[in-house]
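Each chain, letter by letter, is given below.
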Amino acid sequence: MKNSKIAGIGYYVPDKIYTNDDLSKFMDTSDEWITERTGIKERRFAEKHKETSSTMGTRAAQMAIDNAGINKEDIDFIVFATLSADYYFPGAGVLLQRQLGITHLEAPALDIRNQCSGFVYGLSVADQYIKTGKYKNILLVGAEMHSMGMDFTTNGRSVSVIFGDGAGAVVLQPTEEEGRGILTTHIHSNGTHAEELAMINPGSHGGVWLGTEKFGYPDAEEMGGVFVTQKMLDDGLLAPNMTGQLVFKTAVKKFPEVINAALYEVGLTSKDISLFIPHQANLRISQFVQKLLKLEDSQVYNNIQKYGNTTAASIPIALYEAFEEGKIKDGDLICLAAFGSGFTWGSALIRW
Ligand code: UT7
């Protein structure tokens, strides 16, 4: 079986920059708090009603296709990871296919809802299809438009200061070279704390049953269960919620675990990692994981300072920038890893 390699990378971030000071105009927060707790200095927000997750994903995808030196018509499988799809359904993959102008080829489009781990999950799925020989040019996209769905009042500040908009994409192809490309991917999930980092409305629970007492909507119950009730709107419950410290503590445990499992499988150690690109969740999480893995500063790439947490887009955006900055060279061992809502997490080791 042939390994898959990343043949081209692309990214797109909206022009409009919002600094921490800009956010403090809408809510009770400060540059000092955000910088100290997250490392974030600024983020991009897309232009509402002009841009969406799929339009940003399409721009990143076109760049990845160009950088891979292929035509968009060569794409035989689309994988789109996002938690902020344009529509409740259908998924963003078919919208991207339409925007790329390749609907006539009727290639499959798969949407992945694995939030922060979406890109690593997508990489793992794509890798299996390449290994079996089924597809030869897979377009994997991670794109998010968080700005549309967050609560920018003080009520939502512990979530809304963290997230930003953007997109990243890669083209995956089989490689002829033995020992190169994706060496291994590891993906995991544990739904015990599904609602602790979530946007639960609207949903088919209809506000009535969630497997937890935490969220209840008496008005929904009276109405026999509906997607959205006035109470949900009044309570501002059409926005994400997060138990930050639980997420933080679990992330710093699962990141090293899933990275070490990958390294062990291929007989390497963290010393062998040329560049570790973690999902950009929080700079403190990345630094904690770096310490646990005993990695030097030169072995880790972070850009959350500029973009905030762009969920499924954060790894491909960082991959693009690291590559452009000359930090990824032929033969390097690149380690990608992510943790997030679900909880889901994963890692990938790539011999570039
Ligand atoms: O992509 C993966 C998903 N997400 C993550 O990985 C996030 C993981 N968690 C985190 O990054 C951190 O938990 C946060 C950055 C979200 C929060 O940092 P924290 O150190 O865990 O703060 P906290 O939630 O314990 O809140 C501390 C205080 C609270 O005030 P009191 O109760 O001590 O008076 C909050 O109300 O900070 C307050 N606070 C804020 N203050 C100013 C919460 N958000 C803000 C804010 N500005 N934006």
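Residues numbered from 1 in each chain as written. Predicted model: local features only at pLDDT ≥ 70, side-chain atom pairs only at ≥ 80, totals over all residues.

## Let's talk about the sheet that holds strand β12 (residues 333-340)
Remark on secondary structure: sheet strands pair via backbone hydrogen bonds, oriented parallel or antiparallel. Spatially, four strands are ordered β8-β13-β12-β11 in an open sheet, and the strand pairing comes out mixed. Two strands bound the open sheet, and with one partner strand each, they are β8 (181-189) and β11 (275-278). Across this sheet, the average inter-strand angle for adjacent strands is 10°, counted without regard to direction. Here β11 runs beside β12; their pairing, made up of four bridges, is parallel. Across the sheet, Pro 278 pairs through a bridge with Ala 337, a residue of β12. Running at roughly 125° to β8, helix α5 (residues 118-131) makes contact with β8, β12 and β13 (344-351) of the sheet. (Pairing = 2+ DSSP bridges. Helix = DSSP H or I, 4+ residues; strand = E, 2+ residues; numbered from the N terminus. Axes fitted to C-alpha atoms, helices over the stretch in contact; angles between N-to-C directions. Contact = placed C-beta atoms within 7 Å.)

## Structural notes on the packing of helix α9 (residues 244-265) against helix α10 (residues 283-292)
At a minimum axis separation of 9 Å, α9 and α10 run at an interaxial angle of 40°. With respect to their mutual orientation, α9 and α10 come out oblique. Crossing of α9 against α10: the hand is right-handed. Side by side, α9 and α10 meet where Phe 248, Ala 251, Val 252, Phe 255 and Pro 256 of the first sit next to Ile 285, Phe 288, Val 289 and Leu 292 of the second. Split into classes, the residues belonging to the contact of α9 with α10 amount to nine nonpolar, no polar and no charged. (Parallel < 35°, antiparallel > 145°, perpendicular 65-115°, else oblique. Left-handed = near helix turned anticlockwise from the far one by under 90°. Nonpolar A, V, L, I, M, F, W, Y, C, P; charged D, E, K, R; others polar.)

## Things to note about the site of the ligand
As a matter of local geometry, the ligand sits amid 20 residues, with Thr 29, Arg 157, Ser 158, Gly 244 and Ala 281 nearest to it. Sorting the residues of the shell around the ligand by element identifies α2 (31-38), α6 (157-160) and α9 as the ones contributing at least two each. When residues in the shell around the ligand are grouped by element, the largest group, five residues, is from α9. Considered class by class, the residues forming the shell around the ligand number 10 nonpolar, eight polar and two charged. (Near = placed C-beta within 6 Å.)

## Looking at unusual backbone geometry
Residue Phe 89 is joined to Pro 90 through a cis peptide bond whose omega torsion reads 0°. Among the secondary structure elements, Pro 90 is positioned in the loop between β4 (77-81) and α4 (92-100). The omega torsion of the bond from Gly 342 to Phe 343 falls at -10°, within 30 degrees of zero and hence cis. Looking at the secondary structure, you find Phe 343 in the loop between β12 and β13. At His 49, a residue that is not glycine, the phi angle is positive and equals roughly 70°. Structurally, the position occupied by His 49 is in the loop between β3 (42-44) and α3 (53-68).

## Re the sheet that holds strand β1 (residues 4-12)
In space, the five strands of this open sheet follow the order β1-β7-β6-β4-β5, with mixed pairing throughout. Two strands bound the open sheet, and with one partner strand each, they are β1 and β5 (109-112). The average angle at which neighbouring strand axes cross in this sheet is 20°, direction not considered. Strand contacts of α3: β1, β4, β6 (138-144) and β7 (166-174), with the helix running at about 130° to β1, the strand carrying the most contacts.

## A few points about the packing of α3 against α4
Close contact between α3 and α4 brings their axes to 9 Å; oriented N to C, the two are set at 55°. For the element pair α3 / α4, the angle class is oblique. Regarding α3 and α4, the two cross each other, and that crossing is right-handed. On the side of α3, the interface is formed by Ser 53, Ser 54, Thr 55, Gly 57, Thr 58, Ala 61 and Gln 62, while α4 contributes Ala 92, Leu 95, Leu 96, Gln 99 and Leu 100. In the contact of α3 with α4, the residues fall into five nonpolar, seven polar and no charged.

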